[in-house]
Amino acid sequence: MSSTHASGGRRLAAAAPALGLVPFLLFIGIFLVVPTVTVVATSFQGADGGLTLDNIRALGSEAALTTLWHSIILAGSTAIIGGALGALLAWLVVSAGPTSRLRRVTLAVSGVLAQFGGVPLAFAFIATLGFSGVLTEALRSWPGVDIWGGGWLFGLKGLIVVYCYFQIPLMVLVFVPALDGLRVQWREAAVNLGASRWQYWRHVAVPLLTPAFLGSVLLLFANAFAAYATAAVLVSQGNPITPLLIRSALTSEVLLGQANLGFALALEMIVVVAVVMTLYALLLRRTSRWMR
Amino acid sequence: MTTAAPDTSTERGVAVHLQDLTRTYGATRALDGLDLSIEPGELVALLGPSGCGKTTALRILAGLDVATSGQVLVGGRDLTRVPANKRDMGMVFQAYSLFPHLTVADNVAFGLRLRRTSTSARRARALEMLELVGLGQHASRYAAELSGGQQQRVALARALAIEPSVLLLDEPLSALDAKVRVQLRDEIRRIQLEVGTTTLFVTHDQEEALAVADRVGVMNAGRLEQIAPPVDLYERPATPFVAEFVGLHNKVAATVSGGTATVLGASVPVIDGSITSGAGVAMVRPESVSVSASPTGTASVVSVGFLGPISRVHVQTEAGDALMAQLPSALAVGLAPQDRVDVSIAGTPVLVVAG
Ligand SMILES: Nc1ncnc2c1ncn2[C@@H]1O[C@H](COP(=O)(O)OP(=O)(O)O)[C@@H](O)[C@H]1O
Ligand SMILES: [Mg+2]
């Protein structure tokens, strides 16, 4: 009797750490597994509910491919621009010292902008530079210049500019900790062994920061690739990027018969992000021995 | 830039002079007129409590910090204004200074790579240095894969690989556990004697300083209080501060006349630096005090601390002195608080200072 009790207790004790995982697994299940499975399954369903490859085939249409290409251009270019400028800004902030006002202010502002930078800025854009924006109107009346120019700012180019307003702050937020992680002893040891400032950067700082930098740029890529709200506010004509195309696929009557194209597009996005994650994992594998 | 590698077997290091170094940080005087000379090939330990300026002195010698005033001379050259990366010194930091993205061998070869030594030559030199510190088989590991003690060995190998004119160690053992600390300390001394590099070793640990150094400099508030070979420092501390720092924890009332002091009823010789006559305070080592149980004793036991082979007995004399005695545990057996004891001191010379 007592032995069964004991072993029962032991079994419970052994299960306790696993029990702690339950909320986590539940969370993952509800917010990750179920939506993903739904997306995958629905992608292969026709309007009648039967199995079909039509949705997937539609991804190969010129319109869908162009949109995907635009999405990749937008995410790629803002990841690179945001990554470079953000890293530079992060470096300035860290150089100013751990208790500097520059650091506190920049990090606080970045925290807000990285989350909410896009939408308010898009509104500001429209209000100033839109077809009937303040500046557009003013310049149109005098000296008679049309900066609206067919609305170039409200297509892909405009998105690139606006996205940078949250990509740069996000880069600052994720890259400052990496710079903080550079120990003073590493610089001093390098200098002591004869390194010039340039040699320290080339042989120590840059190699040490590269994994974090590339990781951050990939994060920025995924962030911009999946961003929706900013584009939804700014773009009024057409669907230049995939998230907007998904919106119209899900809401439009025009695309009747391809009711599930939106799911196929979502699947396409999942695949792109998965490719990016795989690249990141490969990168980490190269450095993981010294990164612990 | 490449200089011909000096033959370490004939060139046994260079002389170092720190002259009247002052360093202020705002209102803090980290160094306050520090003078220190190190002979060629000598190992000097700078000993002192935390915050007394040891690190600052070492960093100024390395060029990583700049003196507010004063001079740094190495091998007759004035290096005061020479940047750190041109000083040709090897430094070992307290901990975590290895480059994490480089293997052990590449860490050790780092300085040679900067000097454009050929790949094969620096590989050979790195392995030679790793053999010297006993880590030849770990050349292709990363810092994260080594213990703290091994990391410090690699740091030492890295500092020595460039054949530095001066070797600088800033509390290199303080992050290690006691056993490794003693081992590595002895090894640092062996290696230093082997390569013959002039060395400055900073520590707050009295035992460590006495064990490794040719001479120990005791620092207090940004100045050197005394510098002397370990035995001299131990036996003839020049100031109360030094005396206390090298373990003379007991302060006992004494009277001096004619070169002898009367302490606890015994006559003992006084050392240089003592007062020459009158009443004062003798500084006495716990090992020099002995106690023995006696019903008619003039002191009583306050507490007994057992430390394995030795025990520490705190006593209070009728004259009002609180003393600590350190004696073999066998002699302390049976002593308990409140026991009456006789207290006596050994006849070794003592420092007596004005009370
Ligand atoms: N960068 C610095 N800024 C301000 N004060 C400093 C700085 N470095 C050292 N100090 C001060 O100078 C004094 C000596 O410091 P340090 O040389 O590090 O002492 P030690 O190595 O003997 O513990 C301390 O009071 C310390 O607070
Ligand atoms: Mg220090």
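Residues numbered from 1 in each chain as written. Chains lettered and ligands numbered in written order. Predicted model: local features only at pLDDT ≥ 70, side-chain atom pairs only at ≥ 80, totals over all residues. Heavy atoms only, no water.

Describing helix H6 (residues 118-129) of chain A
Residue and element names in this part refer to chain A. In this model, H6 (twelve residues) spans 16 Å end to end at C-alpha, consistent with the 16 Å of a helix rising 1.5 Å per residue. For H6, the full list of buried residues reads Gly118, Leu121, Ala122 and Phe125. An end-on view of H6 places all buried positions within 105° of arc, on one side of the element. If you follow the buried residues of H6, they end up packed against helix H5 (101-116), helix H8 (156-180) and helix H11 (229-234). (Helix = DSSP H or I, 4+ residues; strand = E, 2+ residues; numbered from the N terminus. Expected span 1.5 Å × (residues − 1). Buried < 20%, exposed > 50% of the residue type's maximum accessible area, 1.4 Å probe, protein only. Arc of directions from axis to C-beta. Contact = heavy atoms within 4.5 Å.)

Focus on the environment of Val343(B)
All names here are of chain B. Here Val343 shows up in strand E19 (residues 340-345). According to the relative accessible area criterion, Val343 is buried, its value standing at 13%. The contacts of Val343, once residues within four sequence positions are left out, are Leu264, Val289, Ser290, Val291, Ala299, Val315 and Leu323.

Focus on the site of ligand 1
Residue and element names in this part refer to chain B. Every residue near ligand 1 is listed here: Tyr25, Thr28, Ala30, Pro49, Ser50, Gly51, Cys52, Gly53, Lys54, Thr55 and Thr56. Note that an oxygen atom of ligand 1 is positioned 2.6 Å from one of the backbone N or O atoms of Gly51. The biggest single contributor to the shell around ligand 1 is helix H1 (residues 54-62), with three residues. Residues that form the shell around ligand 1 fall into these classes: four nonpolar, six polar and one charged. (Near = heavy atom within 4 Å. Polar contact = N/O pair within 3.5 Å; in protein donor to acceptor, adjacent residues only side chain to side chain. Nonpolar A, V, L, I, M, F, W, Y, C, P; charged D, E, K, R; others polar.)

Some words on the sheet that holds E19(B)
Residues and elements named next belong to chain B. Pairing is antiparallel across the open sheet formed by five strands, whose spatial order is E15-E19-E16-E17-E18. Edge positions in the sheet fall to strand E15 (289-293) and strand E18 (322-328), since each of these pairs with one other strand and no more. Direction aside, the axes of adjacent strands within the sheet are offset by 40° on average. The pairing of strand E16 (residues 299-307) with E19 spans two bridges and is antiparallel. Within the sheet, the bridge partner assigned to Ser300 lies in E19 and is Arg340. (Pairing = 2+ DSSP bridges. Axes fitted to C-alpha atoms, helices over the stretch in contact; angles between N-to-C directions.)

Here we look at the sheet that holds strand E6 (residues 89-92) of chain B
All names here are of chain B. The strand order across the open sheet built from six strands is E6-E7-E8-E3-E9-E10, with neighbouring strands paired in mixed fashion. Only two strands of the sheet have a single partner each, and these edge strands are E6 and strand E10 (223-228). The mean angle between the axes of side-by-side strands here comes to 20°, regardless of whether they run parallel or antiparallel. The pairing of E6 with strand E7 (residues 166-170) spans four bridges and is parallel. Residue pairing for E7: Met89 is matched across the bridge by Val166.

Things to note about the interface of chain B and chain A
Contacts between chain B and chain A engage 28 residues on the former and 20 residues on the latter. If you sort the residues of chain B by the area they bury against chain A, Asn85(B), His101(B) and Leu114(B) come out on top, with a joint share of 26%. Put simply, chain B and chain A have one salt bridge between them. Between Glu188(A) and Arg59(B) there is a salt bridge, with its nearest N and O atoms 2.7 Å apart. Applying the counting criterion to the chain B and chain A interface returns ten residue pairs in polar contact (both at pLDDT 80 or more). Of all elements in the fold, only E6 and helix H2 (104-114) of chain B reach the threshold of two or more residues within the side of chain B that touches chain A. With four residues, H2(B) is the single largest residue contributor to the side of chain B that touches chain A. Looking at side-chain class alone, the side of chain B that touches chain A contains 15 nonpolar, six polar and seven charged residues. (Buried area = accessible area lost by both parts, 1.4 Å probe. Salt bridge = Lys/Arg side-chain N within 4 Å of Asp/Glu carboxyl O.)

Side note on the UniProt feature "domain: ABC transporter" (unreviewed entry) in chain B
Sequence positions flagged by UniProt for "domain: ABC transporter" (unreviewed entry) are, in local numbering, residues 16-246 of chain B. For residues 16-246 of chain B, the end-to-end C-alpha separation is 25 Å, with 37% helix and 26% strand making up the annotated structure. (UniProt positions renumbered as here; feature names shortened; annotations may be inferred.)

Points about the packing of aromatic side chains
The tally for this structure, following the rule as stated, stands at eight aromatic pairs over all chains. Between Phe241(B) and Phe245(B) the ring centres are 5.9 Å apart and the planes differ by 20°, which places this aromatic pair in the stacked class. Here the residue Phe241(B) and the residue Phe245(B) both occupy positions in helix H8 (residues 240-245), the gap between them amounting to four residues, near one helical turn. Here the aromatic residues Trp91(A), Tyr200(A) and Trp201(A) are joined through ring pairs into a cluster of three or more. (Phe/Tyr/Trp six-rings, centres within 6.5 Å; stacked < 30°, edge-to-face > 60°.)

Here's the deal with the pattern of salt bridges
Residues and elements named next belong to chain B. For the structure shown, the criterion picks out 20 salt bridges over all chains. For Glu194, the salt bridge is made with Arg190, and the minimal N-O distance between the two is 3.3 Å. With Glu194 and Arg190 both in helix H5 (residues 178-195) and four residues apart, the pair spans about one turn of that helix. On the accessibility criterion, Arg190 (39% relative accessible area) is partly exposed. Glu318 is the salt-bridge partner of Arg340, the closest N and O atoms lying 2.6 Å from each other. Here the residue Arg340 occupies a position in strand E19, and Glu318 occupies one in the loop between strand E17 (310-317) and E18, the gap between them amounting to 22 residues. On the basis of relative accessibility, which here comes to 33%, the residue Arg340 falls in the partly exposed class.

Notes on the packing of helix H4 (residues 62-95) of chain A against helix H12 (residues 242-251) of chain A
All names here are of chain A. Contact geometry of H4 with H12 gives a least axis separation of 8 Å together with a crossing angle of 140°. By the angle between their axes, H4 is oblique relative to H12. From H4, Ala64, Thr67, Leu68 and Ser71 reach across to H12, where they touch Thr242, Pro243 and Leu245. (Parallel < 35°, antiparallel > 145°, perpendicular 65-115°, else oblique.)

With respect to the nonpolar core
Ranked by internal contacts, the top residues of the largest apolar core, which has 100 residues, are Tyr163(A), Leu61(B), Val74(B), Phe99(B), Leu168(B) and Leu200(B). Tallying contributions element by element places H8(A) first for this core, with eleven residues. Excluding residues within four positions of it along the chain, Phe99(B) makes contact with Trp186(A), Ala189(A), Ala190(A), Leu193(A), Val204(A), Asn107(B), Phe110(B) and Arg158(B). Ranked by size, the runner-up nonpolar core spans 51 residues in total, among them Val154(B), Leu169(B), Val195(B) and Leu248(B). (Core = buried A, V, L, I, M, F, W, Y, C linked by side-chain atoms within 4.5 Å.)

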